[in-house]
Amino acid sequence: MCICIFAFYSCAQTHYFKPDNKQQEDFDNFLKKKCEASYSQNNDIQEKEYINLFEKELFNYIDSIGLFVNWEGVISDIKTQEIGNTTELSFVIGYQPEQYRKIEFHCLHLVSTDSLSNDYIFNTVKNMPNYMIVHFDGFIRTKNNGVVDYYLGNSGDDLNISYPDYDFWVIDISPEKRSDTLSSKLRNAVNIAYKINEPLKAKYLGLITDEESQKQFDELLPKFNQAKQELTIAEKQYIQRLNTCLTYNYLYGE
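This structure is a prediction, so every number in the text was calculated from the model and none was measured.

Student: How would you explain the nonpolar core if you had to name every residue and give the values?
Tutor: It is characteristic of soluble globular proteins that their nonpolar side chains tend to be buried jointly. In this structure, L58, F91, F105, I140, Y166 and I173 are the most contacted members of the largest nonpolar core, which totals 36 residues. Every element with two or more residues in this core is listed here: α2 (22-38), α3 (44-65), β1 (68-83), β2 (86-98), β3 (101-112), α4 (120-125), β4 (133-140) and β5 (165-174). Among residues more than four places away in sequence, those in contact with I173 are I75, F91, I93, Y120, I121, T124, V125, M128, V134, H135 and F136. In this structure, W169, L231, Y238 and I239 belong to the second largest nonpolar core, which totals 21 residues.

If you want it as structure tokens, here you go:
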């Protein structure tokens, strides 16, 4: 009886598949090639150098991708925790492309507890059973010192190549497959959202003055407002969630 339950539990967690989303497939191929190359390192010194190089290349790759759109995985470990007036919703989305590689995204969504009834992510996820296949948008969290943010801080671990568990900001999630590309108007708003976030981040990190940050922000603001005016209500909410996560990424990036 125990064996049967364990077998069912293990099968429920395992979802072997090759991504059919081009963006996700490219990322998976990147990790696969890095994993294969890691086997050719001749000694511990080379392995450490390779891991350090991998982490730099991974950060640059993630930075160039920006937003993940309509990736696929299996959701599990759905939990909430109240801290003061904030509710932390956490869950894991993972997929396993082959036997000895598995990728996981440890998602954290923060929402004011008195706003739970109106929160899109919370009300979508609360109706999902563990081990459901989901489709999601978002981005891997990074730290302000230019490294990828792994769950529980496992940066520099050789398992980060074959079994990474990334901290992740989720922007959208659905049980249904959607388009692999955003609408042209939403894509334009997303691009400007990233740009208008840059001077705010630079000011927070002390890289530019308050005056310079405000100047750059003010130059982009009319374009951003115009781009948002052309969006549907759902798309405007999408951009709001993206803005929040872009801000959280550097506020929690220490």
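From this point, the narrative continues.
Student: Give a detailed account of the pairing of β1, specifying residues and quantitative values.
Tutor: Put simply, side chains in a regular strand alternate between the two faces of the sheet. In terms of strand pairing, β1 meets β4 through five bridges, oriented antiparallel. Within β4, the position partnered with E72 by the bridge is H135. Both β1 and β2 contribute to a ladder of eight bridges, which runs antiparallel. From the neighbouring strand, K79 faces β2, where its bridge partner is S90. Here β1 folds back onto β2, and the loop between the two strands holds two residues, one of which, G84, carries a positive phi near 65°.

Student: Tell me about the sheet that holds β4, and please be specific about residues and values.
Tutor: Two pairing modes exist for strands in a sheet, parallel and antiparallel, and in both the strands are linked by backbone hydrogen bonds. Taking strand neighbours around the barrel as the criterion, the five strands line up as β1-β2-β3-β5-β4 in a closed arrangement whose pairing is mixed. Averaged over neighbouring strand pairs, the angle between their axes works out to 50° when direction is ignored.

Student: Any chance you could break down the environment of D158 for me, citing the residues and the numbers?
Tutor: By the element assignment, D158 lies in the loop between β4 and α5 (159-162). Distance from D158 to S38, taken between C-alpha atoms, is 8.8 Å for residues 120 residues apart in sequence.

Student: Summarise the layout of surface pockets; cite the residues concerned and give the values.
Tutor: One simple way to see leftover space: roll a probe sized like a water molecule over the atoms. Computed from the structure, the largest pocket encloses a volume of approximately 470 Å³. In terms of lining, the largest pocket is formed by 17 residues, of which the most central are D63, T142, Y194, K201 and N249. Where the lining of the largest pocket is concerned, the elements lending two or more residues are α3, β4, α6 (184-204) and α8 (233-251). Counted by class, the lining of the largest pocket contains seven nonpolar, six polar and four charged residues.

Student: Now, about a nonpolar patch on the surface: what can you tell me, with residues and values included?
Tutor: A contiguous nonpolar patch, built from Y204, L205, L207, L251 and Y252 and spanning about 480 Å² of accessible area, is present on the exposed surface. Judged by its relative accessible area of 31%, L205 falls in the partly exposed class.

Student: Tell me about the pattern of salt bridges, and name the residues and values.
Tutor: A side chain of one charge can pair with a side chain of the opposite charge when the charged atoms of the two come close. Counted under the stated rule, the structure contains 13 salt bridges. Between D77 and K79 there is a salt bridge whose closest N-O contact spans 3.4 Å. The partly exposed category is assigned to D77, whose relative accessible area is 35%. The salt bridge partner of R178 is D137, with a shortest N-O separation of 3.2 Å. Note that R178 is positioned in the loop between β5 and α6 and D137 in strand β4, a separation of 41 residues in sequence. Looking at R178, the relative accessible area reads 27%, which means it is partly exposed. A cluster of three or more residues bridged by salt bridges with shared partners is formed by D137, D172, R178 and R241.

Student: Outline the packing of aromatic side chains, supporting the account with residue identities and numerical values.
Tutor: For the structure shown, the criterion picks out 19 aromatic pairs. With centroids separated by 5.2 Å and ring planes inclined at 45°, the aromatic side chains of Y204 and Y250 adopt a geometry described as tilted. Here Y250 lies in helix α8 and Y204 lies in helix α6, a separation of 46 residues in the sequence. Aromatic ring contacts, followed pair by pair, group F27, F30, F54, Y61, F68, W71, F105, F136, Y150, Y166 and F168 into a single cluster.

Student: Please give an account of helix α7 (residues 210-229) that cites residues and values.
Tutor: Helix length check: α7, at 20 residues, gives a terminal C-alpha distance of 28 Å against a target of 28 Å (1.5 Å per residue), a fit within 8%. Roughly 35° is the biggest bend found in α7, and it falls at L221, with proline P222 one to four residues downstream. Those residues of α7 that fall on the buried side of the exposure criterion are S213, L220, F224 and A227. Buried-residue contacts for α7 involve α6 and α8.

Student: Explain the environment of P19 to me, using residue names and the numbers behind them.
Tutor: Inspection of the secondary structure assignment puts P19 in the loop between α1 (2-13) and α2. For the pair P19 and Y95, spaced 76 residues apart in sequence, the C-alpha separation works out to 9.1 Å. With residues near it in sequence (within four places) discarded, P19 still touches Q24, E25, D28 and Y95.

Rules used throughout
Residues numbered from 1 in each chain as written. Predicted model: local features only at pLDDT ≥ 70, side-chain atom pairs only at ≥ 80, totals over all residues. Heavy atoms only, no water. Core = buried A, V, L, I, M, F, W, Y, C linked by side-chain atoms within 4.5 Å. Buried < 20%, exposed > 50% of the residue type's maximum accessible area, 1.4 Å probe, protein only. Helix = DSSP H or I, 4+ residues; strand = E, 2+ residues; numbered from the N terminus. Contact = heavy atoms within 4.5 Å. Pairing = 2+ DSSP bridges. Axes fitted to C-alpha atoms, helices over the stretch in contact; angles between N-to-C directions. 1 Å grid on protein atoms, 1.4 Å probe; cavity = no way out; pocket = protein on both sides within 12 Å on 5 of 7 lines; lining within 4 Å. Points joined across faces, edges and corners; volume = space filled by probe spheres on them. Nonpolar A, V, L, I, M, F, W, Y, C, P; charged D, E, K, R; others polar. Patch = residues over 30% accessible without salt bridge, like charges linked within 9 Å, V, L, I, M, F, W, Y side chains within 5 Å. Areas by Shrake-Rupley, 256 points an atom, 1.4 Å probe, with all protein chains shown as cover. Salt bridge = Lys/Arg side-chain N within 4 Å of Asp/Glu carboxyl O. Phe/Tyr/Trp six-rings, centres within 6.5 Å; stacked < 30°, edge-to-face > 60°. Expected span 1.5 Å × (residues − 1). Bend = angle between axes of the 7 residues up to and from the residue.

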